[in-house]
Amino acid sequence: MKIAVCPGSFDPITLGHLDIIERASELFDKVIVLVMSNSAKKCAFTVDERIELIKKCIKSDNIEVDTYSGLLVDYAKNKKATAIVKGLRAVSDFDYEFQQALINKSLYPKVETVFLTAKGENMYLSSSMVKEVCSLDGDISPYVPKEIVKDINLRCKGENKND
């Protein structure tokens with residue numbers, strides 16, 4: 001069985017993330033969407049909330065959602081994953097992701113990093129952009145799965161009322 005891990009912070013999941021995940025599910029027998037903690041990012045949603053948001057959007061039977069706070073390659077090794085799937089939007093993404101791929105390969109030579117390029121309509125899309133648009137009362141429905149628009153709006157607008 002070919003298992004791939006698709007890691008990210010997913011705060012929140014966007015249509016760009018979902019596209020990469022769904023395309024990976026067509027290439028691999030099983031895809032694990034791995035919600036990672038990133039101490040450099042201030043998240044709007046807790047890890048458990050992000051997992052629930054992702055689960056609301058996932059339709060394929062061969063996709064599961066998990067969380068991990070250690071080294072990605074340790075998780076991949078433990079799950080017997082053969083690939084780490086990363087989405088690329090621009091050259092700047094590639095520079096960072098390529099460095100990560102090289103480090104991951106040196107730490108766990110049995111795992112390959114597979115890069116999937118974003119569709120044109122998702123090239124500019126990021127979770128940060130979604131949160132900013134939402135916080136300014138903009139329409140986020142073109143950017144996130146319809147199943148979670150209300151959840152994100154409630155969080156963004158709820159935070160604004162407390163400011």
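A few points on the structure.

### Some details on the overall build of the protein chain
Tallying secondary structure elements over the protein chain gives 6 helices and 5 strands in all. Its helices and strands in sequence order give the protein chain the pattern β-α-β-α-β-α-β-α-β-α-α, from N to C terminus. Relative to the 2.2 N^0.38 estimate, which gives 15 Å for 163 residues, the radius of gyration of the protein chain is 16 Å and therefore close to what a compact globule would have. Overall, the C-alpha framework of the protein chain stretches about 50 × 35 × 30 Å when taken along its three principal axes. Counting over 163 residues, the protein chain shows a buried share of 43%. By sequence separation, contacts in the protein chain at least 24 residues apart represent 76% of the contacts at least 6 residues apart. With the model as given, the accessible surface of the protein chain reaches about 9,000 Å², and the carbon-plus-sulfur share is 53%.

### So, the pattern of salt bridges
Tallied over the entire structure, the rule returns 11 salt bridges. Where Glu 49 meets Arg 155, a salt bridge forms, and the shortest distance between an N and an O atom there is 2.6 Å. With a gap of 106 residues between them, Glu 49 in helix 2 (residues 47–57) and Arg 155 in helix 6 (residues 149–162) connect regions that are remote in the sequence. Where Lys 105 meets Glu 112, a salt bridge forms, and the shortest distance between an N and an O atom there is 2.7 Å. On the accessibility criterion, Lys 105 (30% relative accessible area) is partly exposed. Each of Asp 19, Arg 23 and Lys 119 takes part in a single network of salt bridges with overlapping partners.

Rules and cut-offs
Residues numbered from 1 in each chain as written. Predicted model: local features only at pLDDT ≥ 70, side-chain atom pairs only at ≥ 80, totals over all residues. Heavy atoms only, no water. Helix = DSSP H or I, 4+ residues; strand = E, 2+ residues; numbered from the N terminus. Rg over C-alpha atoms; globule rule 2.2 N^0.38 Å. Buried < 20%, exposed > 50% of the residue type's maximum accessible area, 1.4 Å probe, protein only. Contact = heavy atoms within 4.5 Å. Areas by Shrake-Rupley, 256 points an atom, 1.4 Å probe, with all protein chains shown as cover. Salt bridge = Lys/Arg side-chain N within 4 Å of Asp/Glu carboxyl O.

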